[in-house]
Amino acid sequence: MMITIINIALLLIMPFLFLGFINRIKSRWAGRKGPSIMQPFRDFMKLMKKGEVISSTSSFVFRLAPSVTFAAVITAGLIAPLAGGKSVISFEADFILFAYVLGIGRFFTVVGALDTGSSFEGMGASREVTFAALVEPAFFIIIASLGLISGGLSFERIFEIAKGGDVAILVLPLGIIALFIMLLAEGCRVPVDDPNTHLELTMIHEVMVLDNSGPDMGFIMYAAGMKMVVIGALIANLVIPAAFPLWASLGLMIAVQALLAVVIGTIESVTARLRMTHVPQFLLFMTAISAIIISTVVLFIAGGIK
Amino acid sequence: MIQFIIILFGLTMLYVSVTTRIESYVKAIAAQGVILFLLVLFDYGTTNLPNLIFLSFETLVVKAIAIPIFLMYVIRKNGIYREIDPYVTNHSSLAITTAIFAAGFYIAYWSAGTVSNIRPFYFGISISTIVTGLFIIISRKKIITHVMGYMMLENGIFLLALSIAREMPFIVAMGVLLDIFIAVYLLGLFINKVQDSYSDTHINTLAKLKD
């Protein structure tokens, strides 16, 4: 019960801190003092109080989309293991639901964007779907190979058992890198997409939400942050030992997430966005890593590399 | 932990197969030099101190510092720090390298069961590094990328020597160093002298070389 409350609180609070921390790191790199870490929360509250402008050409889908996306990401967050390696909802093969719940969220963002009839947003939608299609198989392969080592089928069991043994030390660096690429792609961060640019031809996610305003925009921002926290939690679960007491693993979870925010902020400060034609290569790198992971794991099960 | 480091070594090759900037190649070579240094330092297990000192010098100073700096010098001097111009697309390059590495793991698995007196993990990754180095040599157009592919191949051979012999013969290390010296020397010669007559350092232009 305790752990459930902690996890839900973590899931609701962390996205703001995560986004705020990234911004703080970026401003430090730029030599500025930077806004407060709570600034995303204040932005969210400000957006909540605002009214909305809804295009007369759009239908109910457009109004529905941000809320559905947000709900989908929250559901995914409840499935993913947070503090203590425990999920709020856990059952056999829950990682499939996890991936497809995120898929539903993405689908509604895309449909909402298409509903506005803007050619810009259609372009963004097309890109979003293309890149998501590259990320998803790799995610499944990684989680499936972890499941293959552990024999578990739910996130909790997968991460609990996958950490022991020789093969874990091989899968660990590869898995962290692959999931980090997924984090950048799903969270629309720099090498794939730039969260700061609005109204440019080269962007993916930001272009899809050009028409949203007010509370809807707040939900979209919140959902984007939460998505990063959820995938960051998967990375953290690869690192945190299973046998740790709850408070230690809670602290480690927050530490890993903070480290991820530092890395993301640094990447955004020192590198440029990839050219659009190079983004698929970046994402296929994740697929390549996942192919290596599964070949390693299969061979380990077949007899092991000692 | 050692396996972790070797995996990172393999990842540099995977990165090289998909990156489009020449500077990234140099960074990857430097990273490989540092990784080899760490391996020599922590996992070599020799009692022969001069040998250890020589290998540490070779990996850290030569492979990780001197050669990358020289390569960067050549690149800057000739203004070729642009794209690497592969014959194959980056996607197929990535796919082929992934297949090579999967095969490398299979070789490691096979050698673990069949061959005694070998460290299979070193063996698999080094074989796949050598093959990837060859692949980079045959699939890139610019001459400087050929030399850099050769460097990576040499790094793979170094790793192979670590895997087979507990005590790497001094002569092997010297041989590897000599190879690298000749490659870099030829590169410097070519780039600095032939550059005057042929402005583009593509291997396509070499086909037109006549007396």
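Residues numbered from 1 in each chain as written. Chains lettered and ligands numbered in written order. Predicted model: local features only at pLDDT ≥ 70, side-chain atom pairs only at ≥ 80, totals over all residues. Heavy atoms only, no water.

(A) Unusual backbone geometry, seen in detail. Residues and elements named next belong to chain A. One non-glycine residue, Ala93, adopts positive backbone phi at about 60°. Mapped onto the elements of the fold, Ala93 is located in the loop between helix 3 (60-79) and helix 4 (94-115). Residue Cys188 is not a glycine yet carries a positive backbone phi of 55°. The residue Cys188 is located in the loop between helix 7 (166-186) and helix 8 (205-208) in this model. (Helix = DSSP H or I, 4+ residues; strand = E, 2+ residues; numbered from the N terminus.)

(B) Examining helix 4 of chain A more closely. With 22 residues, helix 4 of chain A extends 31 Å from end C-alpha to end C-alpha; this agrees with the ideal 32 Å at 1.5 Å per step. Following helix 4 of chain A by one or two positions, Gly117 of chain A adopts a phi angle in the positive range, close to 80°. (Expected span 1.5 Å × (residues − 1).)

(C) Structural context of the interface of chain A and chain B. If you look at the interface, chain A gives 24 residues, while chain B gives 23 residues. In this assembly, chain A packs against chain B so that about 2,100 Å² is buried in total across both faces, 79% of it on carbon and sulfur atoms. In this structure, the connection of chain A to chain B is made through 0 salt bridges. Those elements that provide at least two residues to the side of chain A that touches chain B are helix 7 and helix 11 (279-302) of chain A. The class makeup of the residues in the side of chain A that touches chain B is 15 nonpolar, 6 polar and 3 charged. (Contact = heavy atoms within 4.5 Å. Buried area = accessible area lost by both parts, 1.4 Å probe. Salt bridge = Lys/Arg side-chain N within 4 Å of Asp/Glu carboxyl O. Nonpolar A, V, L, I, M, F, W, Y, C, P; charged D, E, K, R; others polar.)

(D) Structural detail: the environment of Ala138 of chain A. All names here are of chain A. Examined against the element boundaries, Ala138 turns out to sit in helix 5 (residues 119-150). Of the residues examined, Ala138 reaches a relative accessible area of 0% and is grouped as buried. Once residues lying within four places of it in the same chain are set aside, the contact partners of Ala138 are Met286, Thr287 and Ser290. (Buried < 20%, exposed > 50% of the residue type's maximum accessible area, 1.4 Å probe, protein only.)

(E) Spotlight on the side chain of Arg189 of chain A. All names here are of chain A. Relative to the elements of secondary structure, Arg189 occurs in the loop between helix 7 and helix 8. Among the polar contacts listed, one links the side chain of Arg189 to the side chain of Glu268, at a separation of 2.6 Å. Among residues more than four places away in sequence, those in contact with Arg189 are Leu19, Ile22, Lys26, Leu184, Pro195, Met228, Ile264 and Glu268. (Polar contact = N/O pair within 3.5 Å; in protein donor to acceptor, adjacent residues only side chain to side chain.)

Purely spatial values, then, with no claim about function.
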